[in-house]
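What follows is the residue order along each chain.
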Amino acid sequence: MADRKMHDEALKRFKLSVAGNQRQRKRESSAARFAHGEQWPEEVLAQRRAQNSAVGPIGARPCLVINNLIQPLQQLENQMRSARLAPNLSPKSGKANRATADMLQALYRNIEVQSNGGQARLWAYRRALRTGRGYYRVLKTYSNDGDFDQDIVLARILNQASVYLDPFATEPDWSDGMFAFLTVDYPPDVYAKEWPKSKMAGMTNDMLTSIGDSQPNWVTTEDGQPMIRVAEYWRVEMITKTLITTQSGWKGFEDDASRPPKDPVMRSREVQDRIVKFAKINAEETLEESEWDGRYIPIIPVIGNEDNLDGDRIWDGIVNPAMDSCRVYNYQVSKMVEATGLAPLAPYIVAEGQIEGYEQLWAKANNVPFSTLPYKPVSLLGQQVPPPQRNFGEPPIQAIAQSIHQSKADIQASTGFTDPSLGLPQRDQSGRAILALQKQSDTGNSGYLDNLANVSMKYEAKVILDLIPHVYDTPGRVVQILGIGDESSKVMVNAPFTPGPDGQPQPAQPSDPGAILHDLKSPAEYGVVVTIGKQYSTARQEGTATIGELMPNLPPNMVAAIAPTYIEGMDFPQAQEIADIARKTLPPELQPQPEGQGAPIPPQIQAQMAQMQQQGQQAQQQMQQMGQQLQQFQSGAQVEQAKLQAQMQQTQMKIQSDQQIALAKIMADKEIMQMKLEAERMTSDSKHQRDMALNQQKMGITAATEMAAMQHDQELAAQDAYVQQQMSQQEALQQAAATEQPVYEAPDE
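Another aspect to go through is the nonpolar core. In terms of nonpolar packing, the biggest core is built from 86 residues, with Ile 152, Ile 468 and Tyr 472 touching the most fellow members. Among the elements that make up this core, the one with the highest residue count is helix 13 (residues 446–471) (13 residues). If we ignore the near neighbours within four places in the chain, the residues touching Ile 468 are Leu 104, Leu 107, Ile 152 and Leu 520. The next biggest cluster of nonpolar side chains, apart from the first, holds 26 residues, and it includes Leu 11, Phe 14, Phe 181 and Ile 228.

Here you go:
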């Protein structure tokens, strides 16, 4: 009973949608055919066809079609192809975060690329340019045949006239619509294979015709054969729920299982929750029925120019406003061809009786090049009548040409495309004026692309973001994402993970410090902004184009330094080889160094480092000599030994200090020399600022060196004080030992 009630409701709604969109659908069909080339009205074509009349057969008149709409339409389509339409996601609610927003955007990008979503949008956009409305859709498909995981895809709707939407929806994206239909007409044999158990599968043509009489929109005829219409019926059901906030701060629906027990309700209000259901129906029965995972009907409209005249909603592209001017152009061109073609075929003026007996020859005179045409001389009032002669008349070619030129201007005014915007040369205008006209044309027609971005793609993003938690819901599922530069990677959703050595996500514990969690099931909301930019296949190409625009304004030495990187970013097979060759021509200081090595050391600094190394070797020899002296005096008094150790420590620390100071000076000289080289490569207009920065850096380096030396001197002074204190304590101990304790002598063996 419920199924029958739903089916009857669907039939009523379909009838309502057909009636509410009848005039608009008629306009759309006419515009689509006109853009395709059917530009002569049928009644005019009938008048200009070949006919038989009382005076004999009348030949057909020319009906030429010069389709002036092809170029403007292709221009707008290419504008969409070259536009980078990018939905940008940002956290909106408190439970949303930036990391998950970036991951969702990369997942969204992968959905677009893998399902070829750009073609689905383009197909609908082409229709909107011509007729004012187009459509594409969001679907779910199984990822593979080995599991139950699904993916979201964008798909085109081949027959754009098969979409019937709720005529009472007021939003431009139909997001407030309560129902929608998507129809397909099947031949009876194809229908029977698809739904063999259906009531209509075994019906005869007469039975189908009878159903078509009672339901004219559900059984159609094509080439004399009945066609069975099957419709996807999408409907929204609103359910009233109570939203509450408890004393502990929990917020959710009253019947939510996660509601804390015995938690008093502080606030409540009723809200309308959306449920989308799906069915396939024909004129007699329901074939399939299910519930959709998301809350929005997944049919995305693309609109052109919208208007409302006395309650009648009208959508137009660029075709309807240009129809009359295109018809005038075709008529005038056909008239010019007809006039110039008939000019040498002027009729003969003959007196009665002059061609008597030769009628057949004279009837073929305009088609057959006879060498002679005989005639009979006749007289009138005793005067001989002149021989037959043609009645030449000059056709009004100049007037027709002026009319053609005017109708061409009318077409440009109707479509908003002038000659400069169509790429036609302008001899009497400056380049600046041509660019201004092109910009004016782009501005006048940018509304179509703006509608695609801010109406269609925003609703598309709403549908997909609402669907993602239901489709990508398996804990630990690994999904592929695409970054800004189309670099592919994989992440795990609904479970913590860490990136493995090979880039594959590995399961992790929530307590792991490096664990990443993208919880798609959390009730987080994300905002969507669709940006329109220049299209590049990757961010690398965009960077290369930007560098190319900057290079003409840079000094030559900087251009030479950037050239290898610029060539490396280009997209042709030998780019890397040419970049390597260009890099080898750079000065030594700009040459790339092997990994782990710094910039090359100038010869002056290398000499200072060699001298410091020699000083270090000499100091090492002095330390070895002092060590030998220490060994010679080990049998002496402990005071002398302490003094020698203190002297050796002081010497060693002084050597280290000298080495550190020398190394700091060398590195400072190195930095100063590199800055000088860099300063020489820069332009002269900023020399004063660079010199000031260089002096400041010199002062900073010198101050750092002096501070290091001062700090070391303080450490030496502290060490001296410590050594003196130790020596004093040692002497005191020795004196005390000499006065109070006897000298110990080793026994004889």
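Within the structure shown, the criterion is met by 1 cavity of 30 Å³ or more. Empty space within the largest cavity amounts to approximately 80 Å³. Contributing to the lining of the largest cavity are Leu 165, Asp 166, Asp 173, Trp 174, Gly 177, Phe 179, Ala 180, Ile 297, Ile 299, Pro 301 and Tyr 459. Looking at the lining of the largest cavity, the elements that each hand over two or more residues are strand 7 (179–186) and strand 13 (299–303). Of the residues assigned to the lining of the largest cavity, the class counts are 8 nonpolar, 1 polar and 2 charged.

Within helix 16 (residues 575–584), burial applies to Ala 575, Ala 579, Ala 582 and Arg 583. Projected down its long axis, helix 16 shows its buried positions confined to an angular sector of 100°, all on one face. Opposite the buried face of helix 16, at more than 90 degrees from it, the exposed residues are Glu 577, Ile 581 and Lys 584. Contact partners of the buried residues in helix 16: helix 15 (556–568).

Across the protein chain, pLDDT averages 80, with 72% of residues at or above 70. When the criterion is pLDDT under 50, residues 595–599 qualifies, and its contacts beyond four places in sequence or with other chains add up to 4 contacts.

This next bit is on the pattern of salt bridges. Enumeration over the complete set of coordinates arrives at 26 salt bridges. For Arg 121, the salt bridge identified is with Glu 112, shortest N-O distance 2.5 Å. Glu 112 gets classed as buried once you look at its relative accessible area, which sits at 8%. Between Asp 151 and Arg 477 there is a salt bridge, and its shortest N-O distance comes to 2.9 Å. Here Arg 477 lies in strand 20 (residues 477–482) and Asp 151 lies in strand 5 (residues 150–156), a separation of 326 residues in the sequence.

For the rest of this paragraph, the subject is the pairing of strand 13. Regular strands place their side chains on alternate faces of the sheet. Most of strand 13 is tucked away, with 5 of its 5 residues classed as buried. Where burial is concerned, the two faces of strand 13 agree: the one with Ile 299, Pro 301 and Ile 303 and the one with Ile 300 and Val 302 are both buried.

All right, on to the sheet that holds strand 4 (residues 133–142) then. Pairing is antiparallel in the open sheet, where 3 strands are placed in the order 5-4-13. If you trace the sheet from one side to the other, it starts and ends with strand 5 and strand 13, each paired once. Between one strand axis and the next, the sheet turns by 25° as a mean value, whatever way the strands run. Where strand 4 and strand 5 come together, 7 bridges link them in antiparallel fashion. Bridging from a neighbouring strand, Val 138 pairs with Leu 154 of strand 5.

Here Ser 115 is to be found in the loop between helix 5 (98–114) and helix 6 (117–131). From its side chain, Ser 115 meets the backbone oxygen of Ile 111 in a polar contact 2.5 Å long. Reaching out from Ser 115, the side chain makes a polar contact with the backbone nitrogen of Leu 154 at a distance of 3.2 Å.

All right, on to helix 11 (residues 397–415) then. Think of an α-helix as 3.6 residues a turn; residues three or four steps apart then line up on the same face. With 19 residues, helix 11 ought to run about 27 Å at 1.5 Å a step, and its terminal C-alpha atoms sit 27 Å apart, in line with that. For helix 11, the set of buried residues is Ile 400, Ile 404, Ser 407, Ile 411, Gln 412 and Thr 415. Seen along its axis, helix 11 keeps its buried residues to an arc of 145°; they face one direction. Counted as exposed and oriented over 90 degrees from the buried face of helix 11: Gln 398, Gln 402, His 405 and Ala 413. Looking one or two places after helix 11, you find Gly 416, whose phi comes out positive at around 85°.

In this section: the packing of helix 5 against helix 13. Interhelical geometry of helix 5 versus helix 13 gives an angle of 110° and a closest axis separation of 12 Å. Regarding the angle of helix 5 to helix 13, the classification is roughly perpendicular. Contact residues: helix 5 offers Leu 104, Leu 107, Tyr 108, Ile 111 and Glu 112, while helix 13 offers Met 457, Glu 460, Ala 461, Ile 464 and Ile 468. Broken down by class, the residue content of the contact of helix 5 with helix 13 amounts to 8 nonpolar, no polar and 2 charged.

Bringing a positive patch on the surface into the picture now. A cluster of like positive charges, contributed by Lys 95, Lys 251, Arg 267 and Arg 269, occupies part of the molecular surface. Within the fold, Arg 269 resides in strand 11 (residues 265–281).

Before going further, it helps to examine the packing of aromatic side chains. Under the defined criterion, the tally for this structure stands at 12 aromatic pairs. Measuring from centroid to centroid gives 4.8 Å for Phe 14 and Tyr 164, while their planes differ by 55°, and the two rings are tilted. Highlighted residues: Phe 14 in helix 1 (residues 2–20) and Tyr 164 in strand 6 (residues 163–165), separated in sequence by 150 residues. By the burial criterion, Phe 14 is buried, and Tyr 164 matches it. Look at Tyr 348 and Trp 362: their rings are 5.0 Å apart centre to centre, the planes differ by 90°, and that puts the pair in the edge-to-face class. With Tyr 348 in strand 16 (residues 348–349) and Trp 362 in helix 10 (residues 359–363), the pair connects residues that are 14 residues apart, well separated along the chain. The class for Trp 362 is buried, based on a relative accessible area of 11%. Here the aromatic cluster, defined as three or more aromatic residues joined through ring pairs, consists of Phe 14, Tyr 164, Phe 179, Phe 181, Trp 218 and Tyr 233. For Lys 140, the ring lying beneath its charged end belongs to Trp 292, and the centroid distance is 4.9 Å.

Turning to its location among the elements, Ser 334 is positioned in helix 9 (residues 323–342). On the basis of relative accessibility, which here comes to 0%, the residue Ser 334 falls in the buried class. One polar contact links the side chain of Ser 334 to the main-chain carbonyl oxygen of Asn 330, over a distance of 2.8 Å. Once you skip the residues sitting within four places of it in the chain, Ser 334 turns out to touch Trp 40, Arg 48, Pro 62, Cys 63 and Leu 64.

Here is what the cut-offs are and how they apply
- Residues numbered from 1 in each chain as written.
- Predicted model: local features only at pLDDT ≥ 70, side-chain atom pairs only at ≥ 80, totals over all residues.
- Heavy atoms only, no water.
- Core = buried A, V, L, I, M, F, W, Y, C linked by side-chain atoms within 4.5 Å.
- Buried < 20%, exposed > 50% of the residue type's maximum accessible area, 1.4 Å probe, protein only.
- Helix = DSSP H or I, 4+ residues; strand = E, 2+ residues; numbered from the N terminus.
- Contact = heavy atoms within 4.5 Å.
- 1 Å grid on protein atoms, 1.4 Å probe; cavity = no way out; pocket = protein on both sides within 12 Å on 5 of 7 lines; lining within 4 Å.
- Points joined across faces, edges and corners; volume = space filled by probe spheres on them.
- Nonpolar A, V, L, I, M, F, W, Y, C, P; charged D, E, K, R; others polar.
- Arc of directions from axis to C-beta.
- pLDDT = per-residue confidence, 0-100.
- Salt bridge = Lys/Arg side-chain N within 4 Å of Asp/Glu carboxyl O.
- Pairing = 2+ DSSP bridges.
- Axes fitted to C-alpha atoms, helices over the stretch in contact; angles between N-to-C directions.
- Polar contact = N/O pair within 3.5 Å; in protein donor to acceptor, adjacent residues only side chain to side chain.
- Expected span 1.5 Å × (residues − 1).
- Parallel < 35°, antiparallel > 145°, perpendicular 65-115°, else oblique.
- Patch = residues over 30% accessible without salt bridge, like charges linked within 9 Å, V, L, I, M, F, W, Y side chains within 5 Å.
- Areas by Shrake-Rupley, 256 points an atom, 1.4 Å probe, with all protein chains shown as cover.
- Lys, Arg positive; Asp, Glu negative; His and termini not counted.
- Charge placed at Lys NZ, Arg CZ, Asp CG, Glu CD.
- Phe/Tyr/Trp six-rings, centres within 6.5 Å; stacked < 30°, edge-to-face > 60°.
- Lys NZ or Arg CZ within 6 Å of the ring centre and 35° of its normal.

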